[in-house]
Amino acid sequence: DTGVSQNPRHKITKRGQNVTFRCDPISEHNRLYWYRQTLGQGPEFLTYFQNEAQLEKSRLLSDRFSAERPKGSFSTLEIQRTEQGDSAMYLCASSRAGGNEQFFGPGTRLTVL
Amino acid sequence: AQSVTQPDIHITVSEGASLELRCNYSYGATPYLFWYVQSPGQGLQLLLKYFSGDTLVQGIKGFEAEFKRSQSSFNLRKPSVHWSDAAEYFCAVGGLTGGGNKLTFGTGTQLKVEL
């Protein structure tokens, strides 16, 4: 069990650029979650996958955000035309189907200049 | 809609003193409740969880929490705090939504430990 990994750990970009983050869940976990955490706040749910199917999306996930999990293993979160308000920590978590305990990765900290 | 309130933004305790962090939740059914800890720049580590059964749950690092349905509370306690416990603590509530288990977090309590 190597835990949930996320890359990159830090990303600095200029407003208007596109960015992509990757999450590798724990290998036997078929549920994968994305959360966003801004300074001074708790994580907020963005979306989740069961295997390759994206089953729920938050209204926080605007049209500029897209998440994929093409083979039911790793997932990517892309933000197009980044805005300064996108600056946050993006957290990924995974769990077993039917399991209620989510294991979190270290996060990707995005700074939009 | 589910929600979590952590009324204390900051708490300072002396090392060796006892600790209680408050958490109140709103959820339409039987909730799944969690406490996570986050050190600076890090992800979240699960301290303990409550799904059902005994309302007093034990977790890692000497933490415990008590589920009180009548008060919609799930307060975190530790009898003797260590300097390494300084971190931010998040309470979360989850449940079965569309077959998943989306977590709703509180805004967190920042714990400072004085030596």
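Higher on the page you've got the structure.
Definitions and cut-offs
Residues numbered from 1 in each chain as written. Chains lettered and ligands numbered in written order. Predicted model: local features only at pLDDT ≥ 70, side-chain atom pairs only at ≥ 80, totals over all residues. Heavy atoms only, no water. Helix = DSSP H or I, 4+ residues; strand = E, 2+ residues; numbered from the N terminus. Buried < 20%, exposed > 50% of the residue type's maximum accessible area, 1.4 Å probe, protein only. Contact = heavy atoms within 4.5 Å. Lys, Arg positive; Asp, Glu negative; His and termini not counted. Charge placed at Lys NZ, Arg CZ, Asp CG, Glu CD. Buried area = accessible area lost by both parts, 1.4 Å probe. Salt bridge = Lys/Arg side-chain N within 4 Å of Asp/Glu carboxyl O. Core = buried A, V, L, I, M, F, W, Y, C linked by side-chain atoms within 4.5 Å. Disulfide = S-S within 2.5 Å. Pairing = 2+ DSSP bridges. Axes fitted to C-alpha atoms, helices over the stretch in contact; angles between N-to-C directions. Polar contact = N/O pair within 3.5 Å; in protein donor to acceptor, adjacent residues only side chain to side chain.

Here the focus is the overall build of chain A. From N to C terminus, chain A includes zero helices and 11 strands. Every one of the 113 residues in chain A was classed for burial, and the buried ones make up 48%. Restricting to contacts in chain A with at least 6 residues of sequence separation, those with at least 24 account for 53%. The positive charge centre, built from 15 side chains, and the negative charge centre, built from 12, are 6 Å apart in chain A.

The next point concerns the interface of chain A and chain B. Where interface size is given, it is often the accessible area lost as the parts come together that is meant. On the side of chain B, 23 residues touch chain A, which itself brings 20 residues to the contact. Here chain A meets chain B over a buried area of about 1,700 Å², counting both sides, of which 49% is carbon and sulfur. Considering only the surface of chain A that becomes buried against chain B, A:Asn100, A:Glu101 and A:Phe104 emerge as the three largest contributors, covering 31% of it. Counting across the interface, chain A meets chain B through two salt bridges. Residue B:Lys102 is joined to A:Glu56 by a salt bridge in which the shortest nitrogen-to-oxygen separation is 3.2 Å.

Judged by nonpolar contacts, the single largest core of 26 residues is most densely connected at B:Leu19, B:Trp35, B:Leu47, B:Leu48, B:Phe74, B:Leu76 and B:Tyr89. Contributing elements (two or more residues each) for this core: β2 (10-14), β3 (19-21), β5 (32-38), β6 (44-50), β8 (64-68), β9 (73-78), β10 (87-94) and β12 (109-114) of chain B. If you tally residues by element for this core, the top one is β10(B), at four residues. If we skip the residues at most four places from it in the chain, B:Leu48 touches B:Leu33, B:Phe34, B:Trp35, B:Val57, B:Gln58, B:Gly59, B:Phe63, B:Glu64, B:Ala65, B:Phe74 and B:Leu76. With 19 residues, the next largest nonpolar core counts A:Cys23, A:Leu61, A:Ala67 and A:Cys92 among its residues.

Right, let's talk about the state of the cysteines for a bit. Residues and elements named next belong to chain A. On inspection of all chains with the given rule, the structure shows two disulfides over all chains. One disulfide in the model links Cys23 with Cys92; its S-S distance is 1.8 Å. Linking Cys23 and Cys92, the disulfide has an S-S dihedral of approximately -65° and is accordingly described as left-handed. With Cys23 in strand β3 (residues 19-24) and Cys92 in strand β9 (residues 88-95), the pair connects residues that are 69 residues apart, well separated along the chain.

The next subject is the sheet that holds strand β7 (residues 65-68) of chain A. Residue and element names in this part refer to chain A. The strand order across the open sheet formed by four strands is β1-β3-β8-β7, and the pairing between neighbours is antiparallel. Here the strands that pair on one side only, and so sit at the sheet edges, are β1 (5-7) and β7. Adjacent strand axes in the sheet meet at a mean angle of 15°, parallel and antiparallel pairs treated alike. Here five bridges tie β3 to strand β8 (residues 75-79), and the two strands are oriented antiparallel to one another. What sits directly across from Cys23, in β8, is Ser75.

Turning to its location among the elements, A:Glu101 is positioned in the loop between β9 and β10 (103-104). Relative accessible area serves as the criterion here: at 22%, A:Glu101 is assigned to the partly exposed category. Taking C-alpha positions, A:Glu101 is 24 Å from A:Gly40, a pair spaced 61 residues apart along the chain. Setting aside residues no more than four positions away along its own chain, A:Glu101 makes contact with A:Ser94, A:Ser95, B:Phe34, B:Leu46, B:Lys49 and B:Phe51. A polar contact is formed between the side chain of A:Glu101 and the side chain of B:Lys49, at a distance of 3.0 Å.

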